[in-house]
Amino acid sequence: MIPCLGEEEAQAAAEAVRSGWVAQGPRVASFERSFSAAVGAAHGVAVSSCTTGLHLALIAVGVEPGDEVIVPSLSFIATANSAKYCGATPVFADVELATGNLTVETIDAVRTPRTKAVIAVHQAGVPFDVLSLRRACAQWGIALVEDAACAAGSTAYGSPVGAGASVAAWSFHPRKVMTTGEGGMVTVDDPAQAARLRRLREHGMNVSAADRHASAQPILESYLEVGYNYRMTDIQAAIGLVQLSRLDGLVAQRRSLAARYHELLEGIEGVTPVRDPAYGTTNFQSFWVLLDGIDRDVALSELAAAGVSARRGIMAAHVEPAYVTDVDLPNTMRLTKDSLILPLHHKLTESDQDHIVGVIRKLA
Ligand SMILES: *Cc1c(COP(=O)(O)O)cnc(C)c1O
């Protein structure tokens, strides 16, 4: 991923600096309104990263020490870590091969009376089956927190993935489709939860610093609970507003490059590229291919030797030293060992793609 940043972002950041308002302020508020509207959510609460957003989201749905939180092992490690931050136990569930996502069945297989929440990831931008998972979690009485770190611009059942999510966390790290340097957002449906999240990201204060500064009369704040400093700056939000205006174009370009990869890879045996699921569209945040009968690490070094910077597929948290456990997650293991991520960014040309697929064809 190469971030698509230009002169407009530089100007917007410079304007924020010149305005003198650099911490969370009017640009953050404006970015929250625009981003939540773009992803179909009622409220947006900007935070310092998706990781801190997931932490706050779990607190907001009531996760406490001793609870279990079901997570996919096949995800960036921050997904599991956020449960740990609450003193809860992440319980790893398997994913389906086609999408890399949790399903009702894989969640049900590890569900216990101590399960308080599920963090389902729209992995690499591929939406999970939102209708099935939202319905099942509601029936079980388990909170569903959506890790939408990679999913800005993805859709499910004809709507942006944020629509109909009760809580979703988003990332604006430079490895995602749109970036603010570091940064994240929690979108929620319920206004009371939005208010709680705003308080939690700002030391538990009942009045935001921005509101205090804006008021002509002194407002005395009070601290209602133990909170955090998980704020985004106005400099980041200024960049985010410009990035958001590019989002549709960036996603359209990624989808057309992905379509061309599909054409070129058609008929190459042992190479199965990620695709849109039946119920939605991916932003192709990552274009991964699952290999069969081709050694992934050999493929990576052949591609590197040909000047192509492909990456290994998505990690599996349950085999990392931080978590190592001997649960049996066959699809997770298959995907993490046998998949790789091909270059897909706004500067990728058709001849780059021809070259990349040429190397793969030779391997197959
Ligand atoms: C990138 C990512 C995160 C972490 O996002 P940050 O903004 O860097 O904290 C969390 N979950 C998933 C699935 C991710 O891909």
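Just so it is clear, the structure is predicted and the values come from calculations on it, not from any experiment. Note that residues are indexed from 1 along each chain, following the sequence as it is written. Only residues with pLDDT of 70 or above have their local features reported here, since the model is predicted, and side-chain atom pairs are shown and tallied only from 80 upward, although totals for entire chains, interfaces and linings are computed over all residues. Note that water and hydrogens are dropped before the side-chain values are worked out from all heavy atoms of the structure.

**Things to note about the domain arrangement of the protein chain**
Step number 1: Residue ranges for the domains originate in an automatic or database domain assignment. For the protein chain, the domain assignment lists domain 1 (7-245) and domain 2 (247-363).
Step number 2: Placing the centre of domain 1 and that of domain 2 at their C-alpha centroids yields a distance of 26 Å.
Step number 3: In what follows, residue pairs with any heavy atoms lying within 4.5 Å of each other are defined as contacts. At the junction of the two partners, domain 1 supplies 40 residues and domain 2 supplies 34 residues.
Step number 4: Each reported salt bridge corresponds to a side-chain nitrogen of Lys or Arg within 4 Å of a carboxyl oxygen of Asp or Glu. Our count for the domain 1 to domain 2 interface comes out at zero salt bridges.

**Focus: the sheet that holds strand β7 (residues 159-160)**
Step number 1: Any two strands with at least two DSSP-identified bridges between them are counted as paired. Here a helix means four or more residues in a row that DSSP labels H or I, a strand means two or more in a row labelled E, and each is numbered from the N terminus. Reading across from one edge, β7-β6-β11 is the order of the three strands in this open sheet, with antiparallel pairing throughout. What marks the edges here is a single partner per strand, and that holds for β7 and β11 (280-281).
Step number 2: Pairing analysis gives two bridges linking strand β6 (residues 155-156) to β7, with the strands arranged antiparallel. By the bridge assignment, A156 is partnered in β7 with S159.

**Observations concerning the nonpolar core**
Step number 1: To define a nonpolar core, start from buried Ala, Val, Leu, Ile, Met, Phe, Trp, Tyr and Cys residues and group those joined through side-chain atoms within 4.5 Å. Think of it in three bands: residues with accessible area under 20% of the maximum for their type are buried, residues over 50% are exposed, and the middle band is partly exposed, with areas taken using a 1.4 Å probe on protein chains only. Ranked by size, the top nonpolar core spans 74 residues in total, and within it F35, W170, L265 and F287 carry the most contacts.
Step number 2: Among the elements that take part in this core, helix α9 (residues 234-265) stands out by supplying nine residues, more than any other.
Step number 3: Each of two domains, domain 1 (7-245) and domain 2 (247-363), supplies a minimum of three residues to this core.
Step number 4: Here L265 is in contact with V271, P273, F287, V289, L342, V357 and I360, once residues within four sequence places are set aside.
Step number 5: Counting 37 residues, the second largest nonpolar core, distinct from the first, contains C86, F92, I119 and C150.

**A look at the pairing of strand β12 (residues 287-291)**
Step number 1: Extensive coverage of β12 is indicated by the burial of five of its five residues.
Step number 2: Alternating positions in β12 separate into two faces, F287, V289 and L291 on one and W288 and L290 on the other, with burial throughout.
Step number 3: For strand β10 (residues 271-273) and β12, the ladder comprises three bridges, and the chain directions are antiparallel. Bridge pairing in β12 links T272 to L290.

**Brief notes about the packing of helix α1 (residues 7-19) against α9**
Step number 1: Throughout, an axis means a line fitted to C-alpha atoms (over the contacting stretch in the case of helices), and angles, computed between N-to-C directions, take values from 0 to 180 degrees. Look at α1 against α9: their axes get within 8 Å of each other, and the N-to-C directions meet at 150°. Here α1 is positioned roughly antiparallel relative to α9, judged by the angle of their axes. For the element pair α1 and α9, the recorded crossing hand is right-handed. In this structure, α1 contributes E8, E9, A12, A13, A16 and V17 to the contact, and α9 contributes D234, I235, A238, I239, V242, Q243 and R246.
Step number 2: The residue makeup of the contact of α1 with α9, split by class, is eight nonpolar, one polar and four charged. To sort the angles, those under 35 degrees are grouped as roughly parallel, those over 145 as roughly antiparallel, those from 65 to 115 as roughly perpendicular, and the leftovers as oblique. Helix crossings are classified by the rotation of the near helix relative to the far one: an anticlockwise turn of less than a right angle makes the crossing left-handed, while a clockwise turn makes it right-handed. Polar here means any residue outside two lists: the nonpolar Ala, Val, Leu, Ile, Met, Phe, Trp, Tyr, Cys and Pro, and the charged Asp, Glu, Lys and Arg; Gly therefore counts as polar.

**Comments concerning the sheet that holds strand β14 (residues 339-342)**
Step number 1: Here we have four strands laid out as an open sheet, ordered β10-β12-β14-β13, and antiparallel in their pairing. If you trace the sheet from one side to the other, it starts and ends with β10 and β13 (311-312), each paired once.
Step number 2: Against the sheet, helix α10 (residues 296-305) contacts β12, β13 and β14, and its axis sits at roughly 25° relative to β14.
Step number 3: Helix α11 (residues 330-338) rests against β12 and β14 of the sheet, and its axis sits at about 105° to β12.

**Comments concerning the pattern of salt bridges**
Note on pairing: side chains with opposite charge can pair once their charged atoms come close.
Step number 1: With the rule as written, the count across this model stands at 18 salt bridges.
Step number 2: The closest approach of N and O atoms between E146 and R134, which form a salt bridge, is 2.8 Å. In this pair, E146 sits in strand β5 (residues 143-147) while R134 sits in helix α6 (residues 130-140), placing the two residues twelve residues apart along the sequence. As far as the burial class goes, E146 and R134 line up, both buried.
Step number 3: Among the ionic pairs, E202 bridges to R231, the shortest N-O distance being 3.0 Å.

**Examining the packing of aromatic side chains**
Step number 1: In this analysis, rings of Phe, Tyr and Trp, with Trp reduced to its six-membered ring, are considered paired at centre separations within 6.5 Å, and the interplanar angle assigns stacked below 30 degrees, edge-to-face beyond 60, and tilted for intermediate values. Tallied over the entire structure, the rule returns nine aromatic pairs.
Step number 2: With a centroid separation of 5.3 Å and 80° between ring planes, the pair formed by F35 and W170 is classed as edge-to-face. Of this pair, F35 sits in helix α2 (residues 26-38) while W170 sits in strand β8 (residues 167-171), placing them 135 residues apart in sequence.
Step number 3: An aromatic cluster is built from F31, F35, W170 and F172, whose rings are joined through pairwise contacts.

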